[in-house]
Amino acid sequence: MAEQASVQAFAAAFAERHPALDVLVNNAGAWFTGRRESPDGYELTFATNVLGPHLLTELLLDRMGAAPRARVVNLISTISGSYDPTDLQYSRRPYDGYKAYGQSKQALTMLTIGLARRMCRLRGDRERCRARLCANGIQRQRDRASSRNDQVLRPADGRVAGQGRRRPVVGGHVAGA
């Protein structure tokens, strides 16, 4: 996800093989202790967690437009925050991996909200089409089960993620209807 040429190549290959895309799940989540740059020269956390998923989504929007109820799921984090729009690349302030990760997830949240608004306008359906936050409790469960790799991750109420819902959602922010 950090290299734009790779994302573009994937999107082109996908579009060549598939006329429609129902669900796109962006689950990138890189965190680095020291400042690093992507092959394109962007701070690596931001490139991986924001620029790559955003570019992929934009490149596949026409395929999603061919699906009747397409959606984008961008997985975010409770660590979202520390957003400084004047220094997204951490070029002026001391690098902090935790804050860089939080900033990247906050930026992805904001892009998801903007994408939902755009998709609503394109579909002309403002009532059912919106960005939604889906808190699933997986992180709490994962923390409790960190020593048991074979355990199924379940939300705090014990259901498998998506169980009992008409349209399953794993978690994060959803754009679409």
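Residues numbered from 1 in each chain as written. Predicted model: local features only at pLDDT ≥ 70, side-chain atom pairs only at ≥ 80, totals over all residues. Heavy atoms only, no water.

A closer look at the overall build of the protein chain
Right, on to step 1. If you tally the helices and strands in the protein chain, you get four helices and four strands.
Right, on to step 2. From first element to last, N terminus to C terminus, the protein chain shows the α and β order α-β-α-β-α-β-α-β.
Right, on to step 3. For the protein chain, buried positions account for 41% of its 177 residues.
Right, on to step 4. Carbon and sulfur atoms make up 51% of the accessible area of the protein chain, which amounts to about 10100 Å² in all. (Helix = DSSP H or I, 4+ residues; strand = E, 2+ residues; numbered from the N terminus. Buried < 20%, exposed > 50% of the residue type's maximum accessible area, 1.4 Å probe, protein only. Areas by Shrake-Rupley, 256 points an atom, 1.4 Å probe, with all protein chains shown as cover.)

Some words on the side chain of Ser104
Right, on to step 1. Summarising the element assignment, Ser104 is placed in helix H3 (residues 97–123).
Right, on to step 2. Taking relative accessible area as the criterion, Ser104 reaches 0% and is therefore assigned buried.
Right, on to step 3. With residues near it in sequence (within four places) discarded, Ser104 still touches Thr45, Phe46, Asn49 and Val50. (Contact = heavy atoms within 4.5 Å.)

What about helix H2 (residues 44–65)?
Right, on to step 1. Counted at 1.5 Å a residue, the expected span for H2 with its 22 residues is 32 Å, and the 30 Å between its end C-alpha atoms agrees.
Right, on to step 2. Residue Leu59 marks the point of greatest curvature in H2, where the axis turns by about 45 degrees.
Right, on to step 3. Its side-chain oxygen at 3.0 Å from the backbone nitrogen of Thr45, Glu43 defines the N-terminal cap of H2. (Expected span 1.5 Å × (residues − 1). Bend = angle between axes of the 7 residues up to and from the residue. Polar contact = N/O pair within 3.5 Å; in protein donor to acceptor, adjacent residues only side chain to side chain.)

Observations concerning the confidence of the model for the protein chain
Right, on to step 1. Summarising the model, the protein chain shows a mean pLDDT of 77, and 68% of its residues fall at 70 or more.
Right, on to step 2. Within the protein chain, helix H1 (residues 4–17) carries the highest mean pLDDT (97), whereas helix H4 (residues 138–144) carries the lowest (50).
Right, on to step 3. Confidence over residues 145–173 falls short of pLDDT 50; this stretch has 47 contacts with residues more than four positions distant or in other chains. (pLDDT = per-residue confidence, 0-100.)

Thoughts on the packing of aromatic side chains
Right, on to step 1. All chains considered together, the criterion is met by four aromatic pairs.
Right, on to step 2. Relative to Tyr95, the ring of Tyr90 lies with its centre 5.3 Å away and its plane at 70 degrees, an arrangement referred to as edge-to-face.
Right, on to step 3. Given the relative accessible area of 4%, Tyr90 is considered buried. (Phe/Tyr/Trp six-rings, centres within 6.5 Å; stacked < 30°, edge-to-face > 60°.)

Concerning the pattern of salt bridges
Right, on to step 1. Throughout the structure, instances matching the rule amount to five salt bridges.
Right, on to step 2. In this structure, Arg118 and Glu58 form a salt bridge, with 2.7 Å as the shortest nitrogen-oxygen distance. Placement of the pair is Arg118 in helix H3 and Glu58 in helix H2, with a sequence separation of 60 residues.
Right, on to step 3. Its relative accessible area of 30% is what places Arg118 among the partly exposed residues.
Right, on to step 4. On the basis of relative accessibility, which here comes to 30%, the residue Glu58 falls in the partly exposed class.
Right, on to step 5. Notably, a salt bridge pairs Arg93 with Asp84, separated by 3.8 Å at the nearest N-O pair.
Right, on to step 6. By relative accessible area, which is 22% here, Arg93 ends up partly exposed. (Salt bridge = Lys/Arg side-chain N within 4 Å of Asp/Glu carboxyl O.)

Looking at the pairing of strand E2 (residues 71–74)
Walk down a regular strand and you will see the side chains alternate between the two sheet faces.
Right, on to step 1. The two faces of E2 match: Arg71 and Val73 on one face and Val72 and Asn74 on the other face are all buried.
Right, on to step 2. Taken together, the four bridges between strand E1 (residues 23–26) and E2 define a ladder with parallel strand orientation. Bridged to Leu24 within E2 is Val72. (Pairing = 2+ DSSP bridges.)

Points about the side chain of Thr48
Right, on to step 1. With respect to the helices and strands, the residue Thr48 is situated in helix H2.
Right, on to step 2. Polar contacts involving the side chain of Thr48 include one to the main-chain carbonyl oxygen of Leu44, which spans 2.8 Å.

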